[in-house]
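# Working through the structure, step by step
Okay, here's what each chain looks like letter by letter:
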Amino acid sequence: MANRNGYIVDVDLRSNENNLAHRTREIDRQRLIVRRGQPFSITLQCSESLPRQHHVELVLHLGKRDEVVIKTQREHGAGDKWWFSQQGAQDEMLLTVHSPADAIIGHYRLAVLLVSSDGRILEKNDKFSFHLLYNPWCKDDVVYLPDESLLREYILNEDGVIFMGSSDSIKRVPWSYGQFEDYVMDICLQVLDNSNDALRNSKMDLERRADPVYVSRIISAMVNSAGDRGVLTGKWYEPYSDGVPPYRWTGSVPILQQWSKNGARAVKYGQCWVFAAVACTVLRCLGIPTRLITNFSSAHDVDGDLNIDTLLNESLRLLKDQRESSWNFHCWVESWMRRDDLPKGNDGWQVLDPTPQELSEGVYCCGPCPVMAIKEGHLGVKYDARFIFAEVNADVTYWVVKGDGRHQKLKVDHADVGRNISTKSVYGDNREDLTLQYKYPEGSKKEREVYEKAGRRVPEPANMIATPEKLKMSIKHANPVFGTDFDVIVEVKNDGDRDAHARLTMLVTTVTYNSLHRGECHRQTEDVTVPAHNVHKEVLRLRYEDYVKCVSAHQMFKVSALLEAGEREPLMTMATIPLSMPELLVQVPGKAVVWEPVTALISFTNPLPVRLRGGMFTVEGAGLLTATEIRVNGDISPGQKVSVKLSFTPTRTGVRKLLVDFDSDRLKDMKGDATVVVRKKAAPGDTPFPAHIRHPELPLPCSNPV
């Protein structure tokens, strides 16, 4: 029998050693966080040697009401069971615990029992807990990714780059995923706990969390707040006065913290890249390799016919209330996993899109859908293959709706949708093009075979499409900077043997990134004659004082040109012109050492010919500092240089990114970043404080659905 104080006097979860071996020490060094399919060890301190007839048992509990209880076997059993082995001296036992590679991920409570030979529980120690995550380093885990360089990027890297703009003018925007920042893991599990599935049937939901297909689909639904207690509310037009404008965010952590602190109430506001970035943070944190994708000229097909009908009035203005559209760019994520629920050939990267666009089985989510299924045109594969296929492959048909209601077809574009599909390179911040992973080369025989399989009409080869009088039209422009004047040139080329007489209409409108028209900036109609074998050029001068009155928060223009030559079919072309923003200068001079203050210098010069009011810098960086706002005192005059200093104390070593955003009344979404190499202290005893001591101002995440 046990003595009055008990045989087992202490249990050491060996968090520091285990977390290092499981690559989770960046998350926490105090709590035990391990990955499934990989053993971990705990130590029992005993007051004396256990009687031979007694033995130790381990029981695991999952859920707030112990919905799932797992008794751990004392010897190696089947591969799908928890088991532990025991080594012991007289007063100390080392238990090595083995989890199956398909174990449920989540927060476990651990009970250590001392049991007699007849099954009576003599002692029970149940004040211990640990977290279990997916394990992409484990060959038997369905998220296994056998490339260490990819794992360093798609699991361990907290700093990312999001590509935006247009297919002809791509810009990079830094983003802080921060998946290992304080309490982020707890919030990610809280996201799962607040899903409709979890609230409806907690036990079934917990049991299904072993499957990354199920969990990733839940996250796709929960990152947006449409129809559930999700993280972000979407809004695609101004004003954003009751929340944060989507373009102002620079990282996922403030969004997740705000959602948790406010009792699982949605944060305002997000757009596609914000939804995708938050999903990337959650998925990486849980252990699913994930990367953020940008698809330029992305189609939103509602009826599944793989065609986008774009309706214009006779003034070339987009008619309102069109459900289908082609976005300048759209962001989603890809997650890596084996698809045992699908036929062979569907493993690997899976598309997940958390932006609420269309219902999928009654829920605003999308995916996971194999990228390979999209490339091969296998549109019967779950989930949402037809919708995703259209995003990268749909035709766009332009129509003019006459005053009497007649529709005149202007143009069918077979090749514009799905261009320059991009992600951040594993080897730096450069762009990696993934277009050929989604589809075969435009015009190739294999591409046409896929179209036929998908039920889309096969386009004629480009050299077989006739143009009236062999006229060709194009739009050329530089890469203008917001605040400057710039030219747009419409060129009409006549390859025919006769002069061409036509009417040329040019329209410049401001648009959002998802192609909503926000205002008309310039319209011009000219009767032109284009000599045979010659080129006619029309130059549009766009001045800041004119376009600033109508420009949208996304600083994008759509230039449309329509050429009408008698009774012949009109010719139309379009171009999207994003204005680039001046970059902030961010510097961190000197050496950065963990737990020692360092100073950042941030500066920029007002490039506009007007005063800026309400200026504010937002600074954050994983392992460096939490999101911090710095207000600028007074107005900023034209040409005036603004400089600020910020002192912060790095909390983790390694290569880090300091991200800065600047916003004001007239100039928004200016970004800057600096790389900071944080070194260890030279002196011994560099032991970080627990998270709650490091950041006492941070609230613990809400653990219960409100």
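Shown above is the structure to which this text applies.
Presented here is a report on the structure given in the accompanying data block. Fair warning: this is a prediction, and the values are worked out from it, not measured in the lab. (Residues numbered from 1 in each chain as written. Predicted model: local features only at pLDDT ≥ 70, side-chain atom pairs only at ≥ 80, totals over all residues. Heavy atoms only, no water.)

### Comments concerning the overall build of the chain
The line we're drawing: Runs of E in the DSSP output that reach at least two residues are strands. Runs of H or I that reach at least four are helices, and both are numbered from the N terminus. Within these notes, the globule rule equals 2.2 Å times the number of residues to the 0.38 power, and the radius of gyration is based on C-alpha atoms. Under the scheme applied here, a residue whose accessible area is under 20% of the maximum for its type counts as buried, over 50% as exposed, and between as partly exposed, the area being computed with a 1.4 Å probe on protein chains only. What makes two residues a contact is simply this: any of their non-hydrogen atoms within 4.5 Å. To measure how exposed things are, a 1.4 Å probe is used in the Shrake-Rupley method; for residues, cover is taken only from the protein chains shown. The charge count treats Lys and Arg as positive and Asp and Glu as negative. His and the chain ends do not count. By convention, the charge on Lys lies at NZ, on Arg at CZ, on Asp at CG and on Glu at CD.
Secondary structure assignment for the chain yields 14 helices and 37 strands. The globule rule puts the C-alpha radius of gyration for 706 residues at 27 Å, and the 29 Å found for the chain is close to it. Each principal axis of the C-alpha distribution contributes one length, and for the chain these read about 105 × 60 × 40 Å. Going through the 706 residues of the chain one by one, you find that 56% of them count as buried. Summarising the internal contacts of the chain: among those between residues at least 6 apart in sequence, 68% fall at separations of at least 24. Summed over all atoms, the accessible surface of the chain reaches about 30,100 Å², with 48% contributed by carbon and sulfur. Counting 88 positive and 93 negative side-chain charges, the chain places the centres of these two groups 2 Å from one another.

### Looking at helix 6 (residues 212–222)
Owing to its 3.6 residues per turn, the α-helix brings residues three or four apart onto one side. Filter applied, for reference: Polar contact is the term for a pair of N or O atoms within 3.5 Å; when the atoms are in protein, one must be able to donate a hydrogen and the other to accept it, and sequence-neighboring residues count only if both atoms are side-chain atoms.
With 11 of its 11 residues buried, helix 6 lies for the most part within the structure. Of all the positions in helix 6, only Pro212, Val213, Tyr214, Val215, Ser216, Arg217, Ile218, Ile219, Ser220, Ala221 and Met222 are classed as buried. Two to three positions downstream of the cap, the backbone nitrogen of Val213 sits 3.0 Å from a side-chain oxygen, assigning the N-cap of helix 6 to Asp211.

### Structural notes on the sheet that holds strand 15 (residues 307–312)
Two modes of strand pairing occur in sheets, parallel and antiparallel, and in both the strands are linked by backbone hydrogen bonds. So the rule is basically this: Pairing between two strands requires that DSSP report at least two bridges joining them. Inter-axis angles, ranging from 0 to 180 degrees, are taken between N-to-C directions of lines fitted to C-alpha atoms, where helices are fitted over the stretch in contact.
Spatially, 15-19-20 is the arrangement adopted by the 3 strands of the open sheet, whose pairing is mixed. At either margin of the open sheet sits one strand with a lone partner, and together these are strand 15 and strand 20 (407–413). Shown here is a sheet whose adjacent strand axes are inclined to one another by a mean of 25°, direction ignored. Alignment of strand 19 (residues 395–401) against strand 20, held across 6 bridges, turns out to be antiparallel.

### Side note on the environment of Lys127
Mapped onto the elements of the fold, Lys127 is located in strand 9 (residues 121–133). Taking the relative accessible area as the measure of exposure, Lys127 reaches 75% and is therefore exposed. The sequence separation of Lys127 and Pro609 amounts to 482 residues, and the corresponding C-alpha distance is 64 Å.

### Topic: helix 2 (residues 148–156)
Among the residues of helix 2, those classed as buried are Ser149, Leu151, Glu153, Tyr154 and Ile155. Its buried side turned inward, helix 2 meets strand 2 (32–35), helix 8 (272–286), strand 14 (290–300), strand 17 (348–352), strand 21 (419–424) and strand 22 (431–433).

### A word on the packing of aromatic side chains
Defined as follows: The pairing test for Phe, Tyr and Trp rings, Trp by its six-membered ring, is centres within 6.5 Å, and the orientation test on the planes gives stacked under 30 degrees, edge-to-face over 60, and tilted for anything in between. The rule for a charge over a ring is simple: NZ of Lys or CZ of Arg within 6 Å of the ring centre, and within 35 degrees of the ring normal.
Taken as a whole and judged by the stated rule, the model has 24 aromatic pairs. Taken together, a centroid distance of 5.6 Å and an interplanar angle of 85° make the contact between Trp327 and Tyr513 edge-to-face. Of this pair, Trp327 sits in strand 16 (residues 325–337) while Tyr513 is found in the loop between strand 25 (500–511) and strand 26 (517–530), placing the two residues 186 residues apart along the sequence. Among the residues examined, Tyr513 registers a relative accessible area of 0% and is labelled buried. Both rings, one in Phe604 and one in Phe617, keep their centres 6.2 Å apart while their planes meet at 75°; by these two values the pair is edge-to-face. Taken together, the residues Phe604 in strand 32 (residues 598–605) and Phe617 in strand 33 (residues 616–621) connect sequence positions 13 residues apart. Overall, the relative accessible area of 4% leaves Phe604 in the buried class. Accessibility expressed as a relative area gives 0% for Phe617, which makes it buried. Just above the ring of Trp349 sits the side chain of Arg291; from NZ or CZ to the centre is 4.0 Å. A cation over a ring is seen here: Lys375 above Tyr440, with NZ or CZ 4.7 Å from the ring centre.

### A closer look at the nonpolar core
Note the cut-off: Note on terminology: a nonpolar core comprises buried Ala, Val, Leu, Ile, Met, Phe, Trp, Tyr and Cys residues joined through side-chain atoms within 4.5 Å.
Ile219, Trp273, Leu286 and Phe329 are the most contacted members of the largest nonpolar core, which totals 69 residues. For this core, the element with the highest residue contribution is helix 8, accounting for 13 residues. Contacts of Phe329, omitting those with residues within four sequence positions, involve Phe163, Met164, Gly165, Cys272, Trp273, Thr294, Asn295, Phe296, Ser297, Tyr513 and Met556. Core analysis: the second largest hydrophobic core is formed by 60 residues, Val490, Leu504, Met670 and Ala674 among them.

### What about the pairing of strand 13 (residues 267–270)?
One face of the sheet, then the other: side chains in a regular strand alternate in exactly this way. Selection rule: The path from the first strand over the helix to the second decides the hand: if it runs clockwise while the strands point away from the viewer, the crossover is right-handed.
In this sheet, strand 13 lies alongside strand 12 (residues 232–234) in parallel orientation, the contact comprising 3 bridges. Paired with Thr233 across the strands is Lys268, a residue of strand 13. Handedness of the crossover joining strand 12 and strand 13 through helix 7 (residues 253–261) is recorded here as left-handed.

### A few points about the pattern of salt bridges
Put simply, the rule reads: Here a salt bridge means any side-chain nitrogen of Lys or Arg lying within 4 Å of a carboxyl oxygen belonging to Asp or Glu.
The final tally for this structure, using the stated rule, is 46 salt bridges. The partner of Arg291 in a salt bridge is Glu334, and the shortest N-O contact between them spans 2.8 Å. Of the two residues, Arg291 sits in strand 14 while Glu334 sits in strand 16, which places them 43 residues apart along the sequence. One exposure class covers both Arg291 and Glu334, and it is buried. Here Asp340 ties to Arg338 by a salt bridge, and the two come within 2.9 Å at their closest N and O atoms. A residue is classified by how much of its surface remains accessible, and Asp340, at 56% relative accessible area, is exposed. Assessed through its relative accessible area of 31%, Arg338 is described here as partly exposed. Counted as one network, the salt bridges with shared partners bring together Glu26, Glu158, Glu181, Arg652 and Arg656.

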